[in-house]
Amino acid sequence: MEGLEVLKIKIKEAPITSGVYLFKNKKDQPIYIGKAINIKRRLGNYGQVNKLPRRLQQMIFQTNSIEFELTETERNALLLEALLIKKFAPRYNIRLKDDKSFPLIKISSDEYPRISKFRNEYNKNDLVFGPFTSALKTDKVLKILQKIFKLRSCTNQEFKNRSRPCLLYDIKQCSAPCVGKVSLNEYDKQVNKTISFFKGNQNNITNDLEKEMLKASKLLKYERASEIRDSIQSLNFIIREEIKVGSQDSNYDFIYINKDKYLSIFISFIRYGRYLGGKMIYISKDKEDEKNISSLLIQFYISGFRPQSLICSGAVSNFKDLKIIFKDKLEINLMLKNKNINGINNIEKISKNNLYKEIKKYDQFYDTNNEILQLTQKFFKIKSPIQRIEGYDNSFYSNNYAVASYVVFNNEGFDIKESRTYKFKDLDLKKFGDADLIKKVFLSRFENSNKLIPDIILIDGGKPYLKICYDILKKFNLEDQIFLIAISKGHNRDYKFDKYHTLNGSNISLTDQPKIEGFLQKIRDKSHTLSKKNSLKRMSDSIKSSFLDDVKGIGKVKKLRIINYFGSTKELKQTTMEELLQIEGVNTLLAQTIIDKINNE
């Protein structure tokens with residue numbers, strides 16, 4: 001029993017209290033999680049399937065069961081929903097555009113503190129600075145600070161076991177406290193200067209360095225003066241990158257929410273009165289997603305580094321509950337923007353400008369993708385708008401390491417998270433061909449109802465593949481929902497002579513449609529690259545770890561020849577002396593050694 005039948009039964013059973021409901025597929029995996037004050041009433045809305053977005057219609061058809069988690073309050077339901085979405089990442093829930101944690105820099109609480117980059121885990125006694133929006137920028141800042149202040153970056157284990165200075169000491173990026181090249185008092189001064197720099201006292205440090213440079217120059221210590229000059233220039237690079245937006249005690253994240261053309265969220269990081277950068281964490285054309293802002297913010301901060309304060313540009317739904325959740329569960333003070341906050345107008349202006357830059361890029365990207373999807377739909381006379389294309393390809397080496405992959409393209413471009421690879425360990429390509437491999441892939445792909453159905457499937461292969469793929473789609477009642485296109489390689493593999501085949505026509509040329517031709521070839525090439533890369537990895541792994549590893553007289557080349565000849569360890573273990581002697585480089589002695597190992601297994 002699936003889909004509407006399950007929903008109708010569960011609507012009758014549903015409680016009228018607050019809580020969270022989980023739509024699950026036949027593998028008992030959550031595919032959608034929602035919250036409600038009244039679960040019964042909320043589930044009833046899903047019963048009007050025709051009024052739902054296509055995404056949620058598919059979700060209902062793939063539902064095998066619905067479970068409830070009851071809560072005492074709506075606030076607890078909000079928190080539980082966000083935690084479960086973060087944990088399970090259900091396919092049909094809206095998610096953060098980028099949920100990666102940001103790099104930070106910490107100074108440890110050791111006797112001789114260590115400076116290093118990190119993302120999430122840290123000791124509460126450590127001093128933490130950031131976050132920074134770019135890992136490359138973080139690395140550059142770290143390198144500059146090491147060059148100027150010479151704090152150690154080695155692990156505690158390395159620090160304890162060091163008997164002589166490392167290379168960083170030789171290139172003047174560490175003062176080598178590990179072997180006593182600097183006193184504890186002097187090292188503390190280096191640490192305090194680093195902390196002072198992070199807290200916004202860059203000008204004081206620069207002035208001190210300039211005085212030290214002039215002093216070294218007067219004493220004719222030109223090499224030291226040159227070193228200090230380079231340090232000043234490096235510091236100025238960091239200072240120029242930062243924007244002063246408030247007083248030195250201003251430490252918070254500013255959440256700018258825009259509801260004009262899109263619903264979008266941009267978060268700016270302000271530390272010690274300086275803007276360190278920002279990130280667009282969500283953007284959507286669907287204004288209905290506004291009710292999910294609270295959940296998105298909880299998901300963003302639940303596992304990352306948490307600031308002491310958050311300032312929101314405007315009210316969001318469930319704001320009072322969200323404020324309490326952030327205070328009680330995350331120890332973050334959430335507040336709305338007010339004019340008394342130092343520099344708030346400046347940071348709002350910066351956030352707004354950066355958000356609109358991101359929207360402009362998104363617009364260009366989105367419009368370009370939509371244009372090509374519409375051109376493809378019109379050319380092939382496809383009835384419904386195209387929202388998702390999957391491109392398939394197979395790859396193998398010497399009849400082994402069979403891998404098939406598909407890449408996904410939608411109106412936001414190529415979706416890496418949705419692309420998939422299938423590995424078939426027991427498929428003997430001596431007995432089965434490329435067509436059998438694509439058949440296995442399609443069966444694996446569409447027997448699982450928990451996957452989004454594409455509008456177009458692009459197959460790297462000739463016309464015979466259409467019939468194979470069509471028959472499998474028919475088996476799953478999908479033949480009317482998916483448009484099939486197969487590509488035949490042109491003469492001498494020249495893409496200009498490629499032909500395209502559909503169920504409605506053969507040998508279609510796209511030379512007069514360069515945009516569509518280039519687009520489809522890009523999808524084909526991406527799928528080929530993905531499958532080839534994974535096939536190579538399988539081959540590489542088999543060479544690294546093999547039944548033949550301990551056999552004397554077999555190197556990488558011979559091992560590869562033997563593995564490729566038999567295709568699998570199972571086949572190799574059933575071999576004979578005569579078969580082994582047919583392989584180049586295998587003599588009677590080596591063949592006997594392999595036979596002996598097989599017999600002793």
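So, here's what we can say about the structure.

So, how was this worked out
- Residues numbered from 1 in each chain as written.
- Predicted model: local features only at pLDDT ≥ 70, side-chain atom pairs only at ≥ 80, totals over all residues.
- Heavy atoms only, no water.
- Pairing = 2+ DSSP bridges.
- Helix = DSSP H or I, 4+ residues; strand = E, 2+ residues; numbered from the N terminus.
- Contact = heavy atoms within 4.5 Å.
- Axes fitted to C-alpha atoms, helices over the stretch in contact; angles between N-to-C directions.
- Phe/Tyr/Trp six-rings, centres within 6.5 Å; stacked < 30°, edge-to-face > 60°.
- Buried < 20%, exposed > 50% of the residue type's maximum accessible area, 1.4 Å probe, protein only.
- Lys NZ or Arg CZ within 6 Å of the ring centre and 35° of its normal.
- Patch = residues over 30% accessible without salt bridge, like charges linked within 9 Å, V, L, I, M, F, W, Y side chains within 5 Å.
- Areas by Shrake-Rupley, 256 points an atom, 1.4 Å probe, with all protein chains shown as cover.
- Salt bridge = Lys/Arg side-chain N within 4 Å of Asp/Glu carboxyl O.
- Lys, Arg positive; Asp, Glu negative; His and termini not counted.
- Charge placed at Lys NZ, Arg CZ, Asp CG, Glu CD.
- 1 Å grid on protein atoms, 1.4 Å probe; cavity = no way out; pocket = protein on both sides within 12 Å on 5 of 7 lines; lining within 4 Å.
- Points joined across faces, edges and corners; volume = space filled by probe spheres on them.
- Nonpolar A, V, L, I, M, F, W, Y, C, P; charged D, E, K, R; others polar.
- Core = buried A, V, L, I, M, F, W, Y, C linked by side-chain atoms within 4.5 Å.
- Parallel < 35°, antiparallel > 145°, perpendicular 65-115°, else oblique.
- Left-handed = near helix turned anticlockwise from the far one by under 90°.
- Arc of directions from axis to C-beta.

1. Describing the sheet that holds strand E11 (residues 309–312)
Argument step 1. An order of E7-E10-E9-E8-E11-E12 is seen for the 6 strands of this open sheet, with the pairing classed as mixed. Only two strands of the sheet have a single partner each, and these edge strands are strand E7 (243–244) and strand E12 (333–336).
Argument step 2. In the packing of helix H12 (residues 319–329) onto the sheet, the strands contacted are E11 and E12, and the crossing angle to E12 comes to about 150°.
Argument step 3. Contacting E7, strand E8 (252–258), strand E9 (263–271), strand E10 (274–284) and E11, helix H13 (residues 344–379) crosses the sheet at an angle of about 50° to E8.

2. Quick word on the packing of aromatic side chains
Argument step 1. Summed over the entire model, instances satisfying the criterion amount to 25 aromatic pairs.
Argument step 2. A ring pair is formed by Phe-300 and Tyr-301, whose centres lie 4.9 Å apart and whose planes are at 85°; its orientation type is edge-to-face. Neither Phe-300 nor Tyr-301 differs from the other in exposure class; each is buried.
Argument step 3. Ring geometry for Tyr-406 against Tyr-422: centres 6.2 Å apart, planes inclined by 35°, an arrangement best described as tilted. With Tyr-406 in strand E14 (residues 400–410) and Tyr-422 in strand E16 (residues 420–423), this residue pair connects regions lying 16 residues apart in the sequence. As far as the burial class goes, Tyr-406 and Tyr-422 line up, both buried.
Argument step 4. The structure contains a cluster of three or more aromatic residues connected by ring pairs, namely Phe-102, Phe-269, Phe-300, Tyr-301 and Phe-326.
Argument step 5. Above the plane of the ring of Phe-118 lies Lys-106, whose end atom (NZ or CZ) is 5.2 Å from the centre.

3. Some thoughts on a positive patch on the surface
Argument step 1. On the surface, Arg-95, Lys-100, Arg-119 and Lys-417 cluster together into a positively charged patch.
Argument step 2. With respect to the element layout, Lys-417 can be found in the loop between strand E15 (413–414) and E16.

4. Structural notes on the sheet that holds strand E6 (residues 127–129)
Argument step 1. With antiparallel pairing, 3 strands are arranged side by side in an open sheet as E5-E4-E6. The two strands at the open ends of the sheet, each matched to only one other strand, are strand E5 (115–118) and E6. Strand-to-strand, the axes of this sheet are offset by a mean angle of 30°, without reference to chain direction.
Argument step 2. As paired elements, strand E4 (residues 104–107) and E5 share 4 bridges and run antiparallel to each other. Paired with Ile-105 across the bridge in E5 is Lys-117.
Argument step 3. Those strands touched by helix H5 (residues 135–149) are E4 and E5, and its axis lies near 175° from that of E5.

5. A closer look at the layout of surface pockets
Argument step 1. Quantified by volume, the largest pocket comes out at close to 2100 Å³.
Argument step 2. In terms of lining residues, the largest pocket is bounded by 48 residues, among which Arg-55, Asn-410, Asn-411, Glu-412 and Asp-415 are the most central.
Argument step 3. Elements with a contribution of two residues or more to the lining of the largest pocket: strand E2 (30–36), helix H3 (54–61), E10, H13 and E15.
Argument step 4. The element contributing the most residues to the lining of the largest pocket is H13, with 5 residues.
Argument step 5. Here the lining of the largest pocket is built from residues that sort into 19 nonpolar, 9 polar and 20 charged.

6. Topic: the nonpolar core
Note that soluble globular proteins tend to have their nonpolar side chains buried in a common cluster.
Argument step 1. One finds Ile-265, Ile-298 and Phe-326 to be the most contacted residues of the largest nonpolar core, which totals 32 residues.
Argument step 2. Top contributing element to this core by residue count: helix H11 (residues 293–302), with 7 residues.

7. Let's talk about unusual backbone geometry
Argument step 1. The omega angle of the peptide bond from Gly-130 to Pro-131 is 10°, so this bond is cis rather than trans.
Argument step 2. With respect to the helices and strands, the residue Pro-131 is situated in the loop between E6 and H5.
Argument step 3. One non-glycine residue, Asp-28, lies in positive phi territory at about 65°.
Argument step 4. Within the secondary structure, Asp-28 sits in the loop between strand E1 (19–24) and E2.
Argument step 5. With phi around 50°, Asn-507 is a residue other than glycine that occupies positive phi space.
Argument step 6. As for its position among the elements, Asn-507 is in strand E20 (residues 505–508).

8. Focus: the pattern of salt bridges
Argument step 1. Taken as a whole, this structure holds 23 salt bridges when the rule is applied.
Argument step 2. One salt bridge in this structure joins Lys-24 and Glu-67, with 3.1 Å as the shortest N-O distance. One end of the pair, Lys-24, is in strand E1; the other, Glu-67, is in strand E3 (residues 65–70), and 43 residues separate them in sequence.
Argument step 3. Between Arg-271 and Asp-253 there is a salt bridge, and its shortest N-O distance comes to 3.0 Å. Linking Arg-271 in strand E9 with Asp-253 in strand E8, this pair joins segments that are 18 residues apart in sequence. The residues Arg-271 and Asp-253 share a single accessibility class, namely buried.
Argument step 4. Overlapping salt bridges, with partners in common, bring together Arg-91, Arg-388, Glu-390, Glu-418 and Arg-445 in one network.

9. Quick word on the packing of helix H1 (residues 4–13) against helix H2 (residues 39–46)
Argument step 1. Close contact between H1 and H2 brings their axes to 9 Å; oriented N to C, the two are set at 160°. The orientation of H1 relative to H2 falls into the category roughly antiparallel. H2 is crossed by H1, and the crossing has left-handed handedness. In contact with Leu-7, Lys-10, Ile-11, Lys-12 and Glu-13 of H1, H2 contributes Lys-40, Leu-43, Gly-44 and Tyr-46.
Argument step 2. Among the residues forming the contact of H1 with H2, the class breakdown is 4 nonpolar, 1 polar and 4 charged.

10. Focus: H12
Argument step 1. Taken as a whole, H12 has its buried residues at Phe-319, Asp-321, Leu-322, Ile-325 and Phe-326. Seen end-on, H12 carries its buried residues on one side only, within an arc spanning 160°. Exposed side of H12, more than 90 degrees from the buried face: Lys-320, Lys-327 and Asp-328 are the residues found there.
Argument step 2. The inward-facing, buried residues of H12 abut helix H4 (74–88), H11, E11 and E12.
Argument step 3. Just downstream of H12 lies Glu-331, where phi reads positive at about 55°.

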